[in-house]
Amino acid sequence: MTIRVIIVDDQAMVRAGFAALLNAQTDIDVVGDAADGAQALEVSGHTHPDVVLMDVRMPVMDGLEAARRLLSPPPGVVHRPKVLMLTTFDIDDYVYEALRAGASGFLLKDAPPADLIAAVRVVAAGEALLAPSVTRRLIEDFARTRPAPRRDPALRLNGLTPRETEVLELIARGLSNQQIAEKLVLAEQTVKTHIGRILGKLDLRDRAQAVVLAYESGLVTPGA
């Protein structure tokens, strides 16, 4: 199945470059682009993309606000794409807020072309782009220095079984399904089943939000 993508960035050359790269892939189709968050909402509304590549800093409406609106649409809007944030190190503080808003991960704008292609496929498949060590470092930093107001998030973990809690901890540490399976000596399909149950019990959209909750609840200690 072809992955439908829109590219949101205020630099036309960035949009054109990303589009050329992604359209060269047989399984990816760039169906639109936008120069700011407001345009992104409009374009997404009539193209129904699977993945939105979203820059953080843009005029009119920034990527963070656009991501919030795409991922928490008004009543009656059923389409909700995956959002992959594009960022640079100098705006890391936006990344954590984007993950809390429901973005499936982020990619540095100067990442190699192969990483961009892989990121689109990973996010489209329902995974979160959380494996790179830089992502784990950022999430740990923000969980430690900019925690969201707590509403007893630890209580939400009480409904998990010991095994599910163990899997959640490993997700938060950036392990892939295969790595979790190897560490716990389980079949990879069993790990996927556990993750599905964790997301369902905790009412989470994806692994990215699971990581945030794991840190905010104290299940995983930053830097540990």
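Please refer to the structure higher up on the page.
Residues numbered from 1 in each chain as written. Predicted model: local features only at pLDDT ≥ 70, side-chain atom pairs only at ≥ 80, totals over all residues. Heavy atoms only, no water.

Trainee: Sorry, what's going on with the overall build of the chain here?
Mentor: Across its full length, the chain carries 11 helices and five strands. Going through the 224 residues of the chain one by one, you find that 47% of them count as buried. Sequence-distant contacts in the chain: of pairs separated by 6 or more residues, those separated by 24 or more amount to 67%. If you sum the accessible surface of the chain, you get close to 10700 Å²; carbon and sulfur atoms cover 52% of it. (Helix = DSSP H or I, 4+ residues; strand = E, 2+ residues; numbered from the N terminus. Buried < 20%, exposed > 50% of the residue type's maximum accessible area, 1.4 Å probe, protein only. Contact = heavy atoms within 4.5 Å. Areas by Shrake-Rupley, 256 points an atom, 1.4 Å probe, with all protein chains shown as cover.)

Trainee: Help me understand unusual backbone geometry in this model?
Mentor: Note: most residues except glycine have negative phi, and most peptide bonds are trans. Non-glycine residue valine 60 carries a positive phi angle of around 70 degrees. By the element assignment, valine 60 lies in the loop between β3 (51-55) and α3 (63-71). Given a relative accessible area of 73%, valine 60 falls into the exposed group. Its identity as a non-glycine residue notwithstanding, valine 185 has a phi of 55 degrees, on the positive side. The residue valine 185 is located in the loop between α9 (177-184) and α10 (188-202) in this model. Look at valine 185 and you get exposed, because its relative accessible area is 71%.

Trainee: Mind showing me how you'd approach the pairing of strand β1 (residues 3-8) here?
Mentor: A regular strand carries its side chains on alternate faces of the sheet. Buried residues dominate β1, accounting for five of its six residues. Inspection of the sheet shows β1 paired to strand β2 (residues 28-34) by six bridges, in the parallel sense. Looking across to β2, one finds that isoleucine 7 is bridged to aspartate 33. Assessed by its sense of winding, the connection that carries the chain from β1 through helix α1 (residues 12-23) to β2 is right-handed. When β1 meets β3, the two strands line up parallel, connected through four bridges. Paired with valine 5 across the bridge in β3 is valine 51. (Pairing = 2+ DSSP bridges. Right-handed = clockwise from strand over helix to strand, strands pointing away.)

Trainee: I tried to follow the pattern of salt bridges on my own but got confused; where do I start?
Mentor: Should their charged atoms come close, side chains of opposite charge can pair. A complete count under the given rule lists nine salt bridges for this structure. Between arginine 15 and aspartate 33 there is a salt bridge whose closest N-O contact spans 3.4 Å. Pair noted here: arginine 15 is in helix α1 and aspartate 33 is in strand β2, with a separation of 18 residues, a long-range link. Judged by relative accessible area, aspartate 33 falls into the partly exposed class, the value being 43%. Between glutamate 169 and arginine 173 there is a salt bridge, and its shortest N-O distance comes to 3.4 Å. (Salt bridge = Lys/Arg side-chain N within 4 Å of Asp/Glu carboxyl O.)

Trainee: I would appreciate a short explanation of the packing of helix α2 (residues 37-47) against α3 in the present structure.
Mentor: Two numbers describe how α2 lies on α3: the axes approach to 8 Å, and their chain directions differ by 25 degrees. With respect to each other, α2 and α3 are oriented roughly parallel. Between α2 and α3 the crossing geometry is right-handed. Facing Gly37, Leu41 and Ser44 of α2, the residues of α3 in contact are Ala66, Arg69 and Leu70. Grouping the constituent residues of the contact of α2 with α3 by class yields three nonpolar, two polar and one charged. (Axes fitted to C-alpha atoms, helices over the stretch in contact; angles between N-to-C directions. Parallel < 35°, antiparallel > 145°, perpendicular 65-115°, else oblique. Left-handed = near helix turned anticlockwise from the far one by under 90°. Nonpolar A, V, L, I, M, F, W, Y, C, P; charged D, E, K, R; others polar.)

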